[in-house]
Amino acid sequence: MAISDAIIGWKTLPFGGHVLEPGSTAKFKTGDWKSQRPVTDNSKCIKCGMCWIFCPEMAYQQTKEGFYVANLDYCKGCGICAHECPKGAITMIAEEGGKCQSA
Amino acid sequence: MSKRVGVEVSIAVADAVALARAEVIPAYPITPQTHIVEHLSEIVANGHLDAEFIPVESEHAAMSCACGSSAAGARTFTATSSQGLSLMSEILYHPGPMRLPIVMVVANRALAAPISIWNDHQDIMVQRDIGWIQTFAENGQEAVDLLLHAFRVAEDRRVALPFIVNIDGFTLSHVIEPIIMPDQEEVDRYIPPFKPHYKLDPRKPVSMGPVGIPEVYTEERMAHNEALKASKRVILQGWKEFAEIFGRQYNPVEVYRTEDAETLLVTMGSISETAMTAVDEMRNAGKKVGLVRIRLWRPFPGPEFRKAIGKAKTLAVIDRCLPPGAVCGPVGAELRSLLYRVPGAPKIFSFVAGLGGRDVTVDRFKEIVDKAELYAKKRPVELYEVIGVREK
């Protein structure tokens, strides 16, 4: 998709292109471009937390029940969690539907 | 009181950096800039300047370090030449849009190959579009004065842009000249303490140099370009204040015997002094010849240049750079663009001269003027000519 429009004028840009508000990235949902997402089969999950440890985006959070769920607003779909899961409980599913070849 | 001393220009430049109270000096030695940073390291080591002298491992590191220290709010100076400037290249494009007012002296030198330590302007012409303010000094006094001016203007909150003062390698950097060194009180009056808009400070965090996605990149570059163009007003004000305090007036473009001149030599840097001698001799012989010298190269002073050339019919532009495969040398090309289709504009020819330390003598200037006048009548095949090149 070609991007053609500016989102802010050059006269109103912050000085020097600086980001003046610390931690502003938290406002942005950065995972919207992933091509695949992790889906965990809780019947295989042993709650070891390997997915949580290895996730480079720190997208995994633990639920009250002790399972781990990836926040898809930040998950980039890299598949490291699926690769590292010792029980093979995580499957990568293509965003467009259907199962990934690599999974 | 200021005093007139006989001193090597590089040493005077280093002393001027100390007078300007630089706070961080990340530097790597390279001929012919070495004496500047060597002397600065001595000044700092001897306790005469309260600054961090950082002996970095390369020019790439020197410029990276300079960006960091300037971002942290420190008055930052470095110097380099030739291959060193090229090694900085990747970083040189950062401080402009990021509005970091680093001041740098470039002792201009040729680029390899073949390896040459001698003077021309090829090193800086490669870096023409880095988005720094750039001036060219003609002599030792001007090198010192333009350096103080650089600190005054770069850090001005209306400008906040990096600044290069170009001095010709060896022909300026290594000669001993009589130079009026200003005293500390005068310099302190001229250059106020550095007060940046923003600085890296954990108590008030900001991020500098983030990614510019396609939706903002054009606007970021536009903002920088507009800031650079707008800096001219402060550059001129800086020279006016300089004249008030130190008594020496500088302009973006200087003229010498241009009244009623039909042919004008156009030069930058120390070569202009020889050109003035040549103009004197040609004037004595009845030729209507003058000299226009460009001191401010970026932002280019278009209106001042147009005014300086008056009604001259021919411009003989000296390009101390041979851009292979190009239509014309960089200064010639700039002036052709500036004057294209301007009513009554002169004919412009570029003469590539003084490469890699080759002297451009008074006789060469006369040859250049003769050729320019000939080409004005009979247009040559090329828009430039390499002067003094031996065929066999």
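What you are looking at is a predicted structure, and each value in this text was computed from that prediction instead of being measured.

A.B. asks: Before we move on, can you summarise a nonpolar patch on the surface with the specific residues and values?
C.D. replies: All names here are of chain A. Where nonpolar side chains cluster on the molecular surface, the patch consists of Trp52, Ile53, Phe54 and Ile80 and spans about 390 Å² of accessible area. Sort the elements by how many residues they give to the nonpolar patch and helix 1 (residues 50–54) lands first, with three residues. Turning to its location among the elements, Phe54 is positioned in helix 1. Take Phe54: its relative accessible area is 35%, and that puts it in the partly exposed class.

A.B. asks: Go over the domain arrangement of chain B with me, naming the residues and quoting the values.
C.D. replies: Many authors give the size of an interface as the accessible area that is lost as the parts come together. Residues and elements named next belong to chain B. You can read the domains of chain B as domain 1 (3–246) and domain 2 (253–386). Here the C-alpha centroids of domain 1 and domain 2 sit 28 Å apart. Contact residues are listed per partner, giving 30 residues for domain 1 and 27 residues for domain 2. Interface area, domain 1 with domain 2, both sides summed: about 2200 Å², of which 56% is carbon and sulfur. Three residues stand out in domain 1 for area buried against domain 2, namely Met125, Glu138 and Lys232, and they jointly supply 28% of the buried area on that side. Across the domain 1-domain 2 interface, the total number found is five salt bridges. Across the pair Glu142 and Arg293 runs a salt bridge whose closest N-O atoms are separated by 3.1 Å. Our count for the domain 1 to domain 2 interface comes out at 15 residue pairs in polar contact (both at pLDDT 80 or more).

A.B. asks: Can you lay out the interface of chain B and chain A for me, pointing to particular residues and giving the numbers?
C.D. replies: Each partner contributes to the interface: chain B provides 20 residues, whereas chain A provides 15 residues. Roughly 1600 Å² is buried in total at the junction of chain B and chain A, and carbon and sulfur atoms are behind 73% of that figure. The three residues of chain B that bury the most area against chain A are B:Tyr198, B:Glu215 and B:Glu219, which together make up 32% of that side's buried surface. Seen at the junction of chain B and chain A, the total is zero salt bridges. In this assembly, chain B and chain A are joined by two residue pairs in polar contact (both at pLDDT 80 or more). Among the elements of the structure, helix 5 (95–98) and helix 9 (214–246) of chain B are those that each provide at least two residues to the side of chain B that touches chain A. It is helix 9 of chain B that contributes the most residues to the side of chain B that touches chain A, eight residues altogether. Taken together, the residues of the side of chain B that touches chain A sort by class into 13 nonpolar, two polar and five charged.

A.B. asks: Help me get a handle on the environment of B:Lys287, residues and values and all.
C.D. replies: Residue and element names in this part refer to chain B. Mapped onto the fold, Lys287 is located in the loop between helix 10 (271–284) and strand 11 (289–294). Placed 26 residues apart in sequence, Lys287 and Ala261 show a C-alpha to C-alpha distance of 8.3 Å. Not counting the four nearest positions on each side in its chain, Lys287 is found in contact with Met282, Val369, Asp370 and Glu373.

A.B. asks: Which residues make up the pairing of strand 8 (residues 176–181) of chain B, and what values go with them?
C.D. replies: All names here are of chain B. Alternating positions in strand 8 separate cleanly, Glu177, Ile179 and Met181 being buried on one face and Ile176, Pro178 and Ile180 remaining unburied on the opposite face. Judged from the six bridges that link them, strand 1 (residues 3–8) and strand 8 form a sheet pairing that is antiparallel. Note on strand 8: the bridge partner recorded for Gly6 is Pro178.

A.B. asks: Residues and numbers for the sheet that holds strand 9 (residues 253–256) of chain B, please.
C.D. replies: Residues and elements named next belong to chain B. An order of 9-11-10-13-14-15 is seen for the six strands of this open sheet, with the pairing classed as mixed. If you trace the sheet from one side to the other, it starts and ends with strand 9 and strand 15 (384–386), each paired once. Across the sheet, the axes of successive neighbouring strands diverge by a mean angle of 25°, strand direction being ignored. When strand 14 (residues 347–352) meets strand 15, the two strands line up parallel, connected through three bridges. Counted as the bridge partner of Ser350 is Tyr384 from strand 15. Here helix 12 (residues 330–339) sits on the sheet and contacts strand 10 (263–267), strand 11, strand 13 (314–319) and strand 14; the angle it forms with strand 13, its principal contact strand, is near 145°.

How each quantity is defined
Residues numbered from 1 in each chain as written. Chains lettered and ligands numbered in written order. Predicted model: local features only at pLDDT ≥ 70, side-chain atom pairs only at ≥ 80, totals over all residues. Heavy atoms only, no water. Patch = residues over 30% accessible without salt bridge, like charges linked within 9 Å, V, L, I, M, F, W, Y side chains within 5 Å. Areas by Shrake-Rupley, 256 points an atom, 1.4 Å probe, with all protein chains shown as cover. Salt bridge = Lys/Arg side-chain N within 4 Å of Asp/Glu carboxyl O. Helix = DSSP H or I, 4+ residues; strand = E, 2+ residues; numbered from the N terminus. Buried < 20%, exposed > 50% of the residue type's maximum accessible area, 1.4 Å probe, protein only. Domains from an automatic or database assignment. Contact = heavy atoms within 4.5 Å. Buried area = accessible area lost by both parts, 1.4 Å probe. Polar contact = N/O pair within 3.5 Å; in protein donor to acceptor, adjacent residues only side chain to side chain. Nonpolar A, V, L, I, M, F, W, Y, C, P; charged D, E, K, R; others polar. Pairing = 2+ DSSP bridges. Axes fitted to C-alpha atoms, helices over the stretch in contact; angles between N-to-C directions.

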